[in-house]
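Next come the chains, spelled out residue by residue.
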Amino acid sequence: MDSFSSPSSGSSPKFSTDDIMSQLRTQLEQAYAEEFLETVRGKCFDKCITKPGSSLSGSESSCISRCVDRYIEATGIIGKALFNQR
Amino acid sequence: MDPSSMNSPELQNLLAPYDSWILGKLLDAGGKVATSVKLYLTSVIEYFQQEKQKAMISEMISKLTSACWDKCITGSPGSKFSSSEANCLTNCAQRYMDMSLIIMKRLQQ
């Protein structure tokens, strides 16, 4: 594929497919990360902040930490369940 | 990719839509330039198909995790999952796939 990235004329290419593909990968990764973040925020807010006070309590903070860890773990469990059919 | 596979019907079918617009723009130097472009396009197409597949799988995992979390993690999150929570998550994903199959079969009747 690389041999098609630069024309033999020697002028610098306006784009190369390798660049486009790696940009696509990066943008996809960013989109997934944002979507994941938004989901975790929603879930953990629901679970841990049941009665919002004037500041985050210690138990709310530790609940949030555990919640994030558990959600990441849950994602792994689901992934495995889908591709490791019993 | 060996040049002898260039004449396979599968490849021709895959590339047919691209023939007219791209080949129209090329000088066909004994077919060599057109062949190089076909080789190139094939690998690009394969790459995008793989990325699309990966994206669909990611999306499915994301949706399922969200739905199964709601179904299975009923109390406050602990420092680890209980075995019933972990089993519930696994079952949830697999039952979802079972259901999906039933739905497809039903729609085909």
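Just so it is clear, the structure is predicted and the values come from calculations on it, not from any experiment.

Caption draft 1: Layout of the overall build of chain A. Within chain A one finds 2 helices and 0 strands. Relative to its full complement of 86 residues, chain A shows a buried share of 23%. Accessible surface computed for chain A: about 6000 Å², of which carbon and sulfur atoms make up 55%.

Caption draft 2: Layout of the UniProt feature "domain: Tim10-like" (unreviewed entry) in chain A. Summarizing the sequence annotation, UniProt attributes the feature "domain: Tim10-like" (unreviewed entry) to residues 23–82 of chain A in the numbering used throughout. Taken end to end, residues 23–82 of chain A is 85% helix and 0% strand, and its first and last C-alpha atoms sit 29 Å apart.

Caption draft 3: Molecular detail of the state of the cysteines. All names here are of chain B. Enumeration over the complete set of coordinates arrives at 4 disulfides over all chains. What pairs with Cys72 in a disulfide is Cys88, and their sulfur atoms sit 2.0 Å apart. Residues Cys72 and Cys88 are joined through a disulfide that is left-handed, its torsion about the S-S bond being -70°. Here Cys72 is found in helix H2 (residues 32–72), whereas its partner Cys88 is found in helix H3 (residues 83–108), with 16 residues between them in sequence.

Caption draft 4: Geometry of the confidence of the model for chain B. Residues and elements named next belong to chain B. Here chain B shows a mean pLDDT of 85. Residues at 70 or above account for 80%. When mean pLDDT is taken per element in chain B, H3 scores highest with 97 and helix H1 (residues 9–23) scores lowest with 71. The ipTM for the predicted assembly is 0.77, set against a pTM of 0.71.

Caption draft 5: Quick peek at the environment of A:Ala31. Within the secondary structure, A:Ala31 sits in helix H1 (residues 17–48). Considered as a pair, A:Ala31 and A:Lys43 are 12 residues apart in the sequence and their alpha carbons are 18 Å apart.

Caption draft 6: Broad picture of the interface of chain B and chain A. Contacts between the two partners involve 37 residues from chain B, matched on the other side by 30 residues from chain A. Roughly 3000 Å² of surface becomes buried between chain B and chain A when both sides are summed, with 67% attributable to carbon and sulfur atoms. Our count for the chain B to chain A interface comes out at 1 salt bridge. Where the side of chain B that touches chain A is concerned, the elements lending two or more residues are H2 and H3 of chain B.

Caption draft 7: Geometry of the packing of aromatic side chains. Overall, the coordinates contain 4 aromatic pairs over all chains when judged by the stated rule. When the ring of B:Tyr47 is compared with that of B:Phe48, the centres are 5.6 Å apart and the planes differ by 80°; the resulting orientation is edge-to-face. One aromatic cluster is present, built from ring pairs that chain together A:Phe36, A:Tyr71, B:Trp69 and B:Phe81.

Caption draft 8: Looking closely at H1(A). For H1(A), spanning 32 residues, the distance from its first C-alpha to its last is 46 Å, which sits close to the expected 46 Å at 1.5 Å a residue. Residues of H1(A) that are buried: A:Thr17, A:Met21, A:Val40, A:Lys43, A:Cys44 and A:Cys48.

Caption draft 9: Expanded view of the UniProt feature "domain: Tim10-like" (unreviewed entry) in chain B. The UniProt entry lists residues 49–109 of chain B under the feature "domain: Tim10-like" (unreviewed entry), expressed in the numbering used here. Structurally, residues 49–109 of chain B comprises 82% helix and 0% strand, and the distance from its first C-alpha atom to its last is 30 Å.

Caption draft 10: Representation of a nonpolar patch on the surface in the model. Nonpolar side chains collect at one region of the surface, where B:Tyr96, B:Met97, B:Met99, B:Ile103 and B:Leu107 lie side by side and expose about 470 Å² of accessible area between them. By relative accessible area, which is 70% here, B:Leu107 ends up exposed.

Reading guide: rules and limits
Residues numbered from 1 in each chain as written. Chains lettered and ligands numbered in written order. Predicted model: local features only at pLDDT ≥ 70, side-chain atom pairs only at ≥ 80, totals over all residues. Heavy atoms only, no water. Helix = DSSP H or I, 4+ residues; strand = E, 2+ residues; numbered from the N terminus. Buried < 20%, exposed > 50% of the residue type's maximum accessible area, 1.4 Å probe, protein only. Areas by Shrake-Rupley, 256 points an atom, 1.4 Å probe, with all protein chains shown as cover. UniProt positions renumbered as here; feature names shortened; annotations may be inferred. Disulfide = S-S within 2.5 Å. pLDDT = per-residue confidence, 0-100. Contact = heavy atoms within 4.5 Å. Buried area = accessible area lost by both parts, 1.4 Å probe. Salt bridge = Lys/Arg side-chain N within 4 Å of Asp/Glu carboxyl O. Phe/Tyr/Trp six-rings, centres within 6.5 Å; stacked < 30°, edge-to-face > 60°. Expected span 1.5 Å × (residues − 1). Patch = residues over 30% accessible without salt bridge, like charges linked within 9 Å, V, L, I, M, F, W, Y side chains within 5 Å.

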